[in-house]
Amino acid sequence: MTLEKGDYTGCAVLLYDGNGEYIKRCEVSHFNKRTYQLQLKSGIPPVLTVDDICSLLILTEPSPMEYKGRVLIEKSERVFVLFRGKEKESRRIGRYKVNFTAQITALIRDGEVYDLHTAIEVKVINISRNGIRLRAAVNALRENDKINLKVLIDGIEKQLTAVVVNQTDKGSEASEYGCGLIGG
């Protein structure tokens, strides 16, 4: 899906309460760039009431956008008004726990994309505005590997490009790979 810059209509969004607990995945039905009001296809979840503040991770390509938002009433409908806060340094950007699978579809070396004959299935552990943490087989990746990653969220396919910045072994069969997302 090709979006106009700053238009989140049609994007998947992950909602988290004020304590960082996951609420649900939704889809943006309308976004007003002038007022920063955002409406969800399924409406604001009932667990959120007027004036509640929560975190929203809008899954845009090539990297997600992170916002805080307040629930308000606009023309008898509950909407989010997004805060336009400043960008934060990467270590202070919130990480959001998720639990879905993705596929590594290609490796990138010296600017050349090498499609994999068989995609590598990975589990996405968490995601932030500029990074993603993956769980995969031991030695599936190594530091400085650049990869193309395909994720499917609410039936919408997203293509991400990332570079592996660290690796942690989690037993003899799995490792976790911290990856920085690379802009298109």
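This is a predicted model, so every value here is computed, not measured. (Residues numbered from 1 in each chain as written. Predicted model: local features only at pLDDT ≥ 70, side-chain atom pairs only at ≥ 80, totals over all residues. Heavy atoms only, no water.)

K.L.:
Looking at this structure, I do not really get the sheet that holds strand β5 (residues 65-74). What am I missing?
P.N.:
The strands making up a sheet are joined through hydrogen bonds of the backbone, oriented either antiparallel or parallel. Read around the closed barrel, 6 strands run β1-β2-β3-β6-β5-β4, paired in antiparallel fashion. With strand direction ignored, the average angle separating the axes of adjacent strands in the sheet is 45 degrees. Relative to strand β6 (residues 77-82), strand β3 (residues 37-40) runs antiparallel, the two sharing 2 bridges. Within β6, the position partnered with Q37 by the bridge is V81. (Pairing = 2+ DSSP bridges. Helix = DSSP H or I, 4+ residues; strand = E, 2+ residues; numbered from the N terminus. Axes fitted to C-alpha atoms, helices over the stretch in contact; angles between N-to-C directions.)

K.L.:
Could you clarify how one ought to interpret the packing of aromatic side chains in this entry?
P.N.:
The description of two aromatic rings rests on the distance between their centres and on the angle between their planes. Counted according to the given criterion, the structure contains 6 aromatic pairs. Judged by centre distance (5.6 Å) and plane angle (65 degrees), the ring pair of Y16 and Y22 falls under edge-to-face. For Y16, a relative accessible area of 1% gives the class buried. A centroid spacing of 5.5 Å and a plane angle of 70 degrees characterise the contact between F31 and Y36, whose relative ring orientation is edge-to-face. With respect to class, F31 is no different from Y36; both count as buried. Linked through ring pairs, Y8, F31, Y36 and Y67 together constitute an aromatic cluster. (Phe/Tyr/Trp six-rings, centres within 6.5 Å; stacked < 30°, edge-to-face > 60°. Buried < 20%, exposed > 50% of the residue type's maximum accessible area, 1.4 Å probe, protein only.)

Remember that the coordinates give geometry; whether it matters functionally is a separate question.
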